[in-house]
Amino acid sequence: MQPRDLSAHTPYRAGEGIEEVARDLGVAPDELIKLSSNENPLGPSPAAVEAIHDAAEAVNTYPKAVHTDLTAAIAAKWDVEPAQVWLSPGGDGFLDYLGRAMLAPGDRVLVPDPAFSYYEMSARYHGGVVDRYSLDRDNDFEQTAEAVLSDYDGHRIVYVTSPHNPTGSEMSLAAMERLADATDEETVVMVDEAYGEFTTNPSARRLLDGRDDICVLRTLSKSRGLAGLRVGYGLVPEGWADAYDRINTPFAVNKLACRAGLAALDDDAHLEQTVETARWAREYMQDNLDAHTWESGGNYVLAAVGDGEAVADAARRAGIIIRDCASFGLPDCVRVTCGTRETTPQAVETINEVLVELEAA
Ligand SMILES: *Cc1c(COP(=O)(O)O)cnc(C)c1O
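Just so you know, these numbers come straight off a predicted model, no measurement behind them. Positions within a chain are numbered from 1, following the residues in the order the chain's sequence is written. Reporting in this predicted model follows two pLDDT cut-offs: at least 70 for local features of residues, and 80 or more for side-chain atom pairs to be given and counted; totals over whole chains, interfaces and linings ignore these cut-offs and use all residues. Where side-chain values are given, they derive from all heavy atoms of the structure, hydrogens and water being excluded.

A. Broad picture of the nonpolar core. In this description, a nonpolar core means a group of buried Ala, Val, Leu, Ile, Met, Phe, Trp, Tyr and Cys residues linked to one another through side-chain atoms lying within 4.5 Å. Exposure categories follow from relative accessible area, calculated using a 1.4 Å probe and restricted to protein chains: below 20% of the type maximum is buried, above 50% is exposed, and the middle band is partly exposed. In terms of nonpolar packing, the biggest core is built from 106 residues, with Ile74, Ile157, Tyr159, Met190, Leu235 and Ile322 touching the most fellow members. The residue makeup of this core includes at least three contributed by each of domain 1 (18-44 + 269-360) and domain 2 (46-266). In this analysis, two residues are considered to be in contact whenever any of their non-hydrogen atoms come within 4.5 Å of each other. With sequence-adjacent residues up to four places away left out, Met190 is seen in contact with Phe94, Leu95, Leu98, Tyr119, Ile157, Val158, Tyr159, Val160, Cys215 and Leu217. Residue ranges assigned to the domains are those given by an automatic or database domain assignment.

As structure tokens, then:
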């Protein structure tokens, strides 16, 4: 007895955890600076931490009311109907729900290249067949409707990431609208705004009204600092009505995550400080890294460093964990998450030293 043939499925490779690296290097975790998974360097909202403590004694009952409350709070925040909010275990969970709701075996989907790897994985789990459109490096990974449409052929789901991970590039709302207009009636454009808080560009939420072919992914993992709790959601067209109730895993988001999410959504001070710090760090890295960097709308910067793996390895030995981008098909690049006002300069200094050492070697 064995699982079904999973050879077409590739395992998800997350950025290394700080505990693993610490064990490996024989140092304490707090001696390391982890800038490899676009996590919030300021920690979670203190209000969320308090809410988790307060809710701990109540985890023996299912999160029915609080699930409804969080859905209502998100709906109010975006001025949509509660039925247009698909709560999910992380933004990743929304990708799965979208696959469940949209894909029949053999349906084709179109993902960017480079891309966040879970689009492809999730689509495959749901019987989808994956094609790619490329973002042109010579054009700074510019995202236009035309770039997507040149590889479009009636796909069921088209994935757009804006701000894009790992390059930082963005697609304008006008381009998204053009894309959705140009694709078939049975195609949905999924706009992933996992980093939506860090850009000054408006959310694709503005395109939802009156359309049934665009949906938006958001998450509390990045800007709200709740990656460890797994809470995200999709904003979907009004016309999709009761699909969520038919496809979601019951109580998609757990009680602690719902309570923390409610508190975090209310904590404007934490969000403001997070965004301000990230924008500062982004500029600091662009100004001070001795490598080519790209404009970024996210809380990270992509840098061309020559041998990404060698640079990430050497930085790691020096206590700075960054993401080597070989798995994104960018082996000469690293992605560095925005740290704090203390850790960002330390990271830049270390990476610059590593670049000199590797150059000399
Ligand atoms: C982090 C991320 C997500 C979702 O992360 P969750 O922790 O599952 O919410 C989605 N898309 C992109 C591009 C991401 O980087």
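B. Structural detail: the domain arrangement of the protein chain. Under the domain assignment, the protein chain is made up of domain 1 (18-44 + 269-360) and domain 2 (46-266). One C-alpha centre belongs to domain 1, the other to domain 2, and the line joining them spans 26 Å. On the domain 2 side, the residues contacting the 27 residues of domain 1 number 27 residues. In this description, buried area is defined as the sum, over both parts, of the accessible area (probe of 1.4 Å) that is lost when the two are combined. Summing both partners gives a buried area of about 2100 Å² for domain 1 against domain 2, and 59% of it is carried by carbon and sulfur. It is Pro44, Trp294 and Phe328 that lose the most area in domain 1 upon contact with domain 2, and together they represent 27% of the buried surface on that side. Any Lys or Arg side-chain nitrogen located within 4 Å of an Asp or Glu carboxyl oxygen qualifies as a salt bridge. At the junction of domain 1 and domain 2, the tally comes to one salt bridge. Here Asp332 ties to Arg137 by a salt bridge, and the two come within 2.7 Å at their closest N and O atoms. Whenever two N or O atoms come within 3.5 Å, that pair is a polar contact, provided that in protein one can donate a hydrogen and the other can accept it, and provided that, for residues adjacent in sequence, both atoms are side-chain atoms. The interface formed by domain 1 and domain 2 holds 11 residue pairs in polar contact (both at pLDDT 80 or more) in total. Secondary structure elements are taken from DSSP: a helix is a run of H or I of four residues or more, a strand is a run of E of two residues or more, and numbering for both begins at the N terminus. Contributions of two or more residues to the side of domain 1 that touches domain 2 are made by helix H10 (268-288), strand S10 (300-304) and strand S12 (333-337).

C. Just the site of the ligand, in detail. To be near a molecule or strand, a residue needs just one of its heavy atoms within 4 Å of it. Every one of the 13 residues lining the ligand counts as a neighbour, but Gly91, Asp192, Tyr195, Thr219 and Lys222 are closest to it. Take Ser221: an N or O atom from its side chain is 2.6 Å from an oxygen atom of the ligand. Out of a free accessible area of 380 Å², the ligand has 94% covered by protein chains. Note on definitions: the grid is 1 Å and covers protein atoms alone; a cavity is a set of points where a 1.4 Å probe fits but cannot get out; a pocket is an open set with protein on both sides within 12 Å along at least five of seven lines; lining residues have an atom within 4 Å of a point. Those molecules having more than half of their atoms within 2 Å of a cavity or pocket grid point set are described as sitting in that cavity or pocket. Cavity membership is defined here by more than half of the atoms lying within 2 Å of grid points; on that basis the ligand lies in the largest pocket. No other element matches the three residues that helix H4 (residues 90-102) contributes to the shell around the ligand. Amino acids outside the nonpolar list (Ala, Val, Leu, Ile, Met, Phe, Trp, Tyr, Cys, Pro) and the charged list (Asp, Glu, Lys, Arg) are all regarded as polar, and Gly is one of them. Taken together, the residues of the shell around the ligand break down into three nonpolar, six polar and four charged. Reported accessibility uses the Shrake-Rupley method at a 1.4 Å probe radius. Residues are deemed covered only where the shown protein chains occlude them.

D. Spotlight on the environment of Asn40. Mapped onto the secondary structure, Asn40 falls in the loop between strand S1 (33-35) and helix H2 (46-55). Residue classification places Asn40 among the buried residues on the basis of a relative accessible area of 10%. Sequence spacing of Asn40 and Gly225 is 185 residues, and the spatial spacing of their C-alpha atoms is 4.9 Å. Beyond its immediate stretch of four places on either side in the chain, Asn40 contacts Lys222, Ser223, Arg224, Gly225, His270 and Thr274.

E. Representation of H4 within the structure. Over its 13 residues, H4 runs 19 Å from end to end, which matches the ideal 18 Å to within 8%, given 1.5 Å per residue. Counting buried positions along H4 gives 10 out of 13 residues, so the element sits mostly inside the fold. When we look at burial in H4, the residues that qualify are Gly90, Gly91, Gly93, Phe94, Leu95, Asp96, Tyr97, Leu98, Gly99 and Met102. To estimate the expected span of a helix, subtract one from its residue number and multiply by 1.5 Å.

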